[in-house]
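These are the residues of each chain, in order.
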Amino acid sequence: MSMIGEHLRVTTAELDRAIKDPDWALAFVEEVQDAEEETEPAPAEARHFSTYKTWDLLRFLLARAEFPVNVIHGEESFAEDEDEDWGYGPPRYLRPERVRLAAEALRATSYDQLVSGVDPAELTSAEVYPLGWSEPGSLEWGRPWFDGLTQFFEAAARADDAILVWLD
């Protein structure tokens, strides 16, 4: 089984409802995922975005760059009861003001900047998921997901949306 990074754009009203009713939130997530699975919208138009298995690579690179917002794991918890686990731990979220800050910082950060000076052996030593960083070009694997994440956050910021974040 794989660990997949997941993000869902929500309005402020939807965020408030999700915090109060995590069961509703999970059903809403599944509804949006199912709908977008058929249409496959671009990250800038999507409500759901997955960083696939690159989530830990991106976490490592962004932490190394002292990124100001935790876009990979979110920053505030909800649905913390044991029976409300969405895969690998409870979901978290970013409020609209944190989404705006993240979008600005993502826009100002290139993938080339993130991987500059990174030795794949560092990823292996840090046990960054999934392993296999000794393969040639392994650092390039995250580029399209980073670009998509940037577009997704920029669209969310323009709409003044919050973002739910979880690992599935």
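Provided above is the structure to which this section pertains.
Cut-off values and rules
Residues numbered from 1 in each chain as written. Predicted model: local features only at pLDDT ≥ 70, side-chain atom pairs only at ≥ 80, totals over all residues. Heavy atoms only, no water. Pairing = 2+ DSSP bridges. Helix = DSSP H or I, 4+ residues; strand = E, 2+ residues; numbered from the N terminus. Contact = heavy atoms within 4.5 Å. Axes fitted to C-alpha atoms, helices over the stretch in contact; angles between N-to-C directions. Parallel < 35°, antiparallel > 145°, perpendicular 65-115°, else oblique. Nonpolar A, V, L, I, M, F, W, Y, C, P; charged D, E, K, R; others polar. Phe/Tyr/Trp six-rings, centres within 6.5 Å; stacked < 30°, edge-to-face > 60°. Buried < 20%, exposed > 50% of the residue type's maximum accessible area, 1.4 Å probe, protein only. Salt bridge = Lys/Arg side-chain N within 4 Å of Asp/Glu carboxyl O.

Undergrad: Kindly report on the sheet that holds strand β4 (residues 92-94), identifying the contributing residues and their values.
TA: Spatially, 5 strands are ordered β2-β1-β5-β4-β3 in an open sheet, and the strand pairing comes out antiparallel. Taken across any chain shown, the strands that pair with only one partner, and hence form the sheet edges, are β2 (48-52) and β3 (76-77). Sheet strands in contact with helix α1 (residues 12-20) are β1 (5-10), β4 and β5 (162-167), and its direction is about 120° off that of β1. Helix α2 (residues 22-39) contacts β1, β2 and β5 of the sheet and is inclined by roughly 100° relative to β1.

Undergrad: Requested: an account of the packing of α1 against α2, with residues and values cited.
TA: Describing two packed helices takes the angle between their axes plus the distance from one axis to the other. Two elements in contact, α1 and α2, have axes separated by 5 Å at closest approach and are oriented at 125°. By the angle between their axes, α1 is oblique relative to α2. Of α2, the residues touching α1 (which contributes E14, R17, A18, I19 and K20) are P22, W24, A25 and F28. A class-by-class count of the residues in the contact of α1 with α2 yields 6 nonpolar, no polar and 3 charged.

Undergrad: Give a description of the packing of aromatic side chains that names residues and reports values.
TA: In this description, an aromatic ring pair is defined by two values, namely the gap between the centres and the angle between the planes. Applying the stated criterion to the full structure yields 11 aromatic pairs. Ring centres of F78 and W86 lie 5.7 Å apart, and the angle between their planes is 85°; this geometry places the pair in the edge-to-face category. On the accessibility criterion, F78 (4% relative accessible area) is buried. Summarising the aromatic geometry, the rings of Y111 and F146 are spaced 5.8 Å apart at their centres and angled 45° between planes, so their arrangement reads as tilted. In this pair, Y111 is assigned in helix α5 (residues 111-115) and F146 in helix α7 (residues 143-158), connecting sequence segments 35 residues apart. Here Y111 falls in the buried class, since its relative accessible area comes to 2%. By relative accessible area, which is 2% here, F146 ends up buried. The rings of Y52, W133, W141 and W145 are connected pair by pair, giving a single aromatic cluster.

Undergrad: I'd like a rundown of the pattern of salt bridges, residues and numbers included.
TA: Where charged atoms from two side chains of opposite charge come close, those side chains can pair. Tallied over the full model, the rule gives 10 salt bridges. Between R9 and D161 there is a salt bridge whose closest N-O contact spans 2.9 Å. With a gap of 152 residues between them, R9 in strand β1 and D161 in the loop between α7 and β5 connect regions that are remote in the sequence. Each member of the pair, R9 as well as D161, is classed as buried. The partner of E75 in a salt bridge is R98, and the shortest N-O contact between them spans 2.7 Å. Of this pair, E75 sits in the loop between α3 (55-64) and β3 while R98 sits in helix α4 (residues 96-107), and the two are 23 residues apart along the sequence.

So yeah, pure geometry; function would need other evidence.
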